[in-house]
Amino acid sequence: MKTKKDPATRESATKSPAKLPAKPKPRAAPLAKAKPAVAPAAGARRSGLSRDKILAVATKMFAEYGFAAISIRDIAGACGVSIPSIYHFFDDKDTLYVRCYEQIFRAASAELHAVMMRAEPGHDRVREFTIGLCDLLLNNHDFRRLFQRELLREERRTIDQLTTHHFHDEFKLLTKEITALTGDKQAMDRAFSIYALVFGLIQMRRIGELAGMSKSIALTPQHLASHVLGIVLPEIWGVKKV
């Protein structure tokens, strides 16, 4: 015979057991903010690097070792920055090389032009220009070496363009002054001879000294200018000291 269950017992049996409250999920640690990548420009600014500084360092390196021997890595190392920092300012090594030439030629041209403009037309202007050219090539070693290296390169498009652009006005003015002094139709040839003799005597002075040439000729810009003008314009500077 079946026994009847107590209603309370029956009710409790049908109810599901109470669920325990779920444990709260541990909160994930906040993600650390990623540091922004340092752009080449920012790195360059932080190191104090500038376009002019790169040009100054690269000019000395190109003058000392030549174009082929120098890499962007070498220049970046000398500047104390990364390679991308150099590329922020210049597209490639060729562009940097041309910019070095442009800057040093522009400065040299401006210096010679200022020398000519300070002098009185005629005799003084020719003399002061020649002294200025001698001083530039004797004492600006980077300019002289870069100029010499570019002359020796098979592809001389760079120097052709820069010489035409930066020294054409001074050459025309020098020719005009020589024409006024001598009335010579070959004044342009004489003007070119001043350039050629100054550069040649400076480049060849060591060989000249070994051959017996006086060291005093290229001792100072004034000595060298006097020697050159005595050769190119003997009717004016034959025995006169500059």
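Residues numbered from 1 in each chain as written. Predicted model: local features only at pLDDT ≥ 70, side-chain atom pairs only at ≥ 80, totals over all residues. Heavy atoms only, no water.

**Comments concerning the overall build of the protein chain**
A tally of helices and strands in the protein chain yields 13 helices and zero strands. Element order for the protein chain, N to C, with α for helix and β for strand: α-α-α-α-α-α-α-α-α-α-α-α-α. Burial statistics for the protein chain: of 242 residues in total, 37% are counted as buried. For the protein chain, long-range pairs separated by at least 24 residues make up 68% of all intrachain contacts whose partners lie at least 6 apart in sequence. Summing over all exposed atoms, the protein chain offers an accessible surface of approximately 15800 Å²; the carbon and sulfur share of this is 56%. (Helix = DSSP H or I, 4+ residues; strand = E, 2+ residues; numbered from the N terminus. Buried < 20%, exposed > 50% of the residue type's maximum accessible area, 1.4 Å probe, protein only. Contact = heavy atoms within 4.5 Å. Areas by Shrake-Rupley, 256 points an atom, 1.4 Å probe, with all protein chains shown as cover.)

**Topic: the environment of G66**
Relative to the assigned elements, G66 resides in the loop between α3 (51-65) and α4 (72-79). Contacts of G66, omitting those with residues within four sequence positions, involve M61 and R149.

**Structural notes on helix α12 (residues 221-232)**
Taking 1.5 Å as the rise per residue, α12 with 12 residues should run 16 Å; its terminal C-alpha atoms sit 16 Å apart, in good agreement. Those residues of α12 lying buried are P221, L224, A225, S226, V228, L229, G230 and V232. Among the structural elements, α7 (123-139), α10 (187-203) and α13 (234-237) are those in contact with the buried residues of α12. (Expected span 1.5 Å × (residues − 1).)

**Focus: the side chain of E170**
Topologically, E170 is positioned in helix α9 (residues 157-182). Buried charge E170 goes without a salt bridge, the closest partner of opposite sign being K172 at 11 Å. Looking at E170, its side chain comes within polar contact range of the side chain of S109, at 3.2 Å. Excluding its chain neighbours within four sequence positions, the residues that come into contact with E170 are S109, L112, H113, M116, F129 and Y195. (Lys, Arg positive; Asp, Glu negative; His and termini not counted. Salt bridge = Lys/Arg side-chain N within 4 Å of Asp/Glu carboxyl O. Polar contact = N/O pair within 3.5 Å; in protein donor to acceptor, adjacent residues only side chain to side chain.)

**Considerations on the packing of aromatic side chains**
This model, assessed by the stated rule, comprises 13 aromatic pairs. Measuring from ring centre to ring centre gives 6.2 Å for F105 and F147, while their planes differ by 45 degrees; the resulting arrangement is tilted. Of this pair, F105 sits in helix α6 (residues 93-118) while F147 sits in helix α8 (residues 141-152), and the two are 42 residues apart along the sequence. Judged by its relative accessible area of 0%, F105 falls in the buried class. Taking relative accessible area as the criterion, F147 reaches 19% and is therefore assigned buried. What links up through ring pairs into an aromatic cluster is the set F62, F67, Y97, Y101, F105, F143, F147, F167 and F199. Looking at K93, its charged tip hangs above the ring of F67, at a distance of 4.1 Å from the centre. (Phe/Tyr/Trp six-rings, centres within 6.5 Å; stacked < 30°, edge-to-face > 60°. Lys NZ or Arg CZ within 6 Å of the ring centre and 35° of its normal.)

**Section: the environment of I178**
Mapped onto the secondary structure, I178 falls in helix α9. The exposure class of I178 is buried, given its relative accessible area of 0%. Placed 56 residues apart in sequence, I178 and G122 show a C-alpha to C-alpha distance of 7.3 Å. Residue contacts for I178: discarding those within four places in its chain leaves V126, G183, A187, R190, A191, I194 and L233.

**A closer look at the pattern of salt bridges**
Tallied over the entire structure, the rule returns eight salt bridges. Here D184 ties to R190 by a salt bridge, and the two come within 2.9 Å at their closest N and O atoms. Connected through shared salt-bridge partners, D124, R127 and E128 make up one network.

**Side note on the confidence of the model for the protein chain**
Reading predicted coordinates in detail is not appropriate for stretches of low pLDDT. Per-residue confidence for the protein chain averages 81 on the pLDDT scale, and 76% of its residues sit at or above 70. Across the protein chain, α7 holds the top mean pLDDT of 96, while helix α1 (residues 7-14) sits lowest at 47. Taken as a whole, residues 7-18 scores under 50 in pLDDT and shows one contact with residues more than four places along the chain or in a different chain. (pLDDT = per-residue confidence, 0-100.)

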